Amino acid sequence: MNLPAILKIFSDHEDRVEYDYKGSQNQISIPKELKDEIYNFVNSIDNEEINRKELVRFAVYSFFELKDNDIVIIKDEQIFIKMLDDKKRRVVAEHEKETIANRYGGIDEEELQTFYDDYFSKQENKDFFYIVAKTFVGIYLLDNKIDNYHYEKNVFSYIQSILLEQLTTSFDHNEDFFKGFSGYIFRMHFKEVFGHISNLILSEIAASNEYMINFLRYYSLGVIVLDGRKYKVPELETDGGLKWNVVSMLSIVKIYMKTKATLDGLRKEISEINKETQSMYIQNMPPAEYQNLLIKERERVTEELAKDIRTINKCTDLMYLTKDEEKKALLQEEIRTTKEEMQARREEKNILTAKSVKINIITRYNNLKNELDTKTRQFQREKKVLDQNEKSYLSIKYSLAKALVSKKVFID
């Protein structure tokens, strides 16, 4: 019953489906409104054993008569469909599987580029390659503690498998397409991935991780002998010929990482203080400034009240001095209207007094501003230390990334 009900929702609202999405005949978008309507129904199903996402995916495949190798991606803002053109896919012969002909599993590079441009390059995927790098370091270096031999032999296949898993988990279970796509994006973001891996390794040696320190010592061995054969080991060397080793890089990395962590903490604290101080603003003014404005307003009203009293006293004195009844009537009217104005001013003064800012709020705001000034000065000092070490750190990171993608070379 559930599948027919979902198919009926598609059928009843097919006019809302965006065919030829972004000008491509092989792309379809189910907009958020229709997607939400489908999920409202799916979420109302009283069966905990149902995988709701897979049910929706199956319904999409059924309604649009998709092939197994077509891609369905369910995201918050839409359901995205990409139909792959088998005619554009090259059949890779068995003897070509280890050659460049099988670089992307025979999938046309234009198809891969289109998918990357249309979907994968979105802002929501900006941390994708950092997650891949962190997963690799976590599994193979920190947990399994592989040696340099196994690292050199398997690093690319390890990363490719992590890429494939991340893609199929995040997007679709179409391994056939994503095997080719993982190779494509790995090639595009090769430097980025190993840049992240280098940063993660350096943060570990900054924390005195003995395994990682020993792992990096390998790159200072120069020449090693394995099974009676000599090999030249990759070095931690810049393009300019500057060579690093664990000893020379350790102090710089520790200072850089410690300072960066301090800056990250200060940046967060400064942001939180700014939020709190902004929340204390009254009519876009700091509490003390607003209080001063109230005080000036109360002083103005007090002065006007004093003028009113003087006016009443003057009119009263004139009433006793004059015999003219008409003048007396005018003076009495002026006294009456002045008293009415005085009452209005007293009410205004009471309102201004009620708006008065409590002293503890002003004190809290001033303390926060002082704390903000202190932390801002500290941030500037730490930033100077970071800047002084950044050039050396980047040199180390670049040298390490270059070594991590290299392998030992056989020498006679």
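Owing to the predicted nature of the structure, the values given are computational and were not obtained by experimental measurement.

## Concerning unusual backbone geometry
- Backbone geometry places K145, a non-glycine residue, at a positive phi of 50 degrees.
- Secondary-structure assignment places K145 in the loop between α5 (128–143) and α6 (148–170).
- For Q283, which is not glycine, the phi dihedral falls at a positive 50 degrees.
- Mapped onto the fold, Q283 is located in the loop between α10 (246–279) and α11 (287–321).
- Here Q283 falls in the exposed class, since its relative accessible area comes to 56%.

## A few points about the packing of α5 against helix α8 (residues 190–206)
- In the contact formed by α5 and α8, the axes pass within 9 Å of each other and the chain directions differ by 50 degrees. What the angle tells us is that α5 and α8 run oblique. For α5 against α8, the interelement crossing comes out right-handed. Where α5 abuts α8, its residues F129, Y130, A133, K134, F136, V137, L141 and L142 lie against E192, V193, H196, I197, L200, I201 and E204.
- Residues that form the contact of α5 with α8 fall into these classes: 11 nonpolar, 1 polar and 3 charged.

## As for the pairing of strand β3 (residues 71–75)
- Most of β3 sits inside the fold, with 5 of its 5 residues counted as buried.
- What you see with β3 is no split at all: I71, I73 and K75 on one side and V72 and I74 on the other are buried throughout.
- The turn linking β3 back onto strand β4 (residues 78–82) is made up of 2 residues.

## A closer look at helix α9 (residues 210–217)
- Residues Y211, M212, I213, F215 and L216 constitute the buried set of α9.
- Each element contacted by the buried residues of α9 is listed here: α5, α6, α8, α10 and α13 (359–404).
- Sitting at the amino-terminal end of α9 is N209, which places a side-chain oxygen 3.0 Å from the backbone nitrogen of Y211.

## Some details on the sheet that holds strand β5 (residues 223–226)
- The strand order β5-β6-β7 describes an open sheet built from 3 strands, whose pairing is antiparallel. In this open sheet, the two edge strands, each paired with only one partner strand, are β5 and β7 (409–411). Direction aside, neighbouring strands of the sheet carry axes that sit 40 degrees apart on average.

## Here's the deal with the confidence of the model for the protein
- Summarising the model, the protein shows a mean pLDDT of 88, and 92% of its residues fall at 70 or more.
- Low confidence marks residues 88–103, where pLDDT is under 50. Its contacts with residues over four positions away, or in another chain, come to 23 contacts.

## Details of the pattern of salt bridges
- Summed over the entire model, instances satisfying the criterion amount to 22 salt bridges.
- E304 is paired through a salt bridge with R345; the nearest N and O atoms lie 2.9 Å apart. With a gap of 41 residues between them, E304 in helix α11 and R345 in helix α12 (residues 325–354) connect regions that are remote in the sequence.
- Each member of the salt-bridge network shares a partner with another, and the members are E297, R300, E304, D308, E341, R345 and E348.

## Let's talk about the packing of α5 against α9
- In contact at an axis separation of 10 Å, α5 and α9 are set at 90 degrees when each is read in the N-to-C sense. One element, α5, and the other, α9, form an angle in the roughly perpendicular class. Seen from α5, the contacting residues are Y140, L141 and L142; seen from α9, they are Y211, M212 and F215.
- Looking at the contact of α5 with α9 residue by residue, the class counts come to 6 nonpolar, no polar and no charged.

## Brief notes about the environment of N2
- By secondary structure assignment, the location of N2 is in helix α1 (residues 2–12).
- For N2, a relative accessible area of 26% puts it in the partly exposed group.
- In sequence terms N2 and Q278 are 276 residues apart; their C-alpha atoms lie 51 Å from each other.
- Setting aside its immediate chain neighbours within four residues, N2 contacts F41, I45, I50 and L55.

## Some words on the nonpolar core
- Within the largest apolar cluster, 73 residues are counted, with the highest numbers of intra-cluster contacts made by F136, I159, F181, I197 and Y219.
- By size, the runner-up hydrophobic cluster in this structure holds 22 residues, among which are I6, F10, L34 and I81.

## Describing the sheet that holds β3
- Across the sheet, which stays open at both edges, the 4 strands sit in the order β1-β2-β4-β3 with antiparallel pairing between neighbours. In this open sheet, the two edge strands, each paired with only one partner strand, are β1 (18–19) and β3.
- Where β1 and strand β2 (residues 27–31) come together, 2 bridges link them in antiparallel fashion. Looking at β2, one finds that E18 is bridged to S29.
- Lying on the sheet, helix α3 (residues 52–63) is in contact with β1, β2, β3 and β4; it crosses β3 at an angle near 135 degrees.

The rules behind these values
- Residues numbered from 1 in each chain as written.
- Predicted model: local features only at pLDDT ≥ 70, side-chain atom pairs only at ≥ 80, totals over all residues.
- Heavy atoms only, no water.
- Helix = DSSP H or I, 4+ residues; strand = E, 2+ residues; numbered from the N terminus.
- Buried < 20%, exposed > 50% of the residue type's maximum accessible area, 1.4 Å probe, protein only.
- Axes fitted to C-alpha atoms, helices over the stretch in contact; angles between N-to-C directions.
- Parallel < 35°, antiparallel > 145°, perpendicular 65-115°, else oblique.
- Left-handed = near helix turned anticlockwise from the far one by under 90°.
- Contact = heavy atoms within 4.5 Å.
- Nonpolar A, V, L, I, M, F, W, Y, C, P; charged D, E, K, R; others polar.
- Pairing = 2+ DSSP bridges.
- Polar contact = N/O pair within 3.5 Å; in protein donor to acceptor, adjacent residues only side chain to side chain.
- pLDDT = per-residue confidence, 0-100.
- Salt bridge = Lys/Arg side-chain N within 4 Å of Asp/Glu carboxyl O.
- Core = buried A, V, L, I, M, F, W, Y, C linked by side-chain atoms within 4.5 Å.

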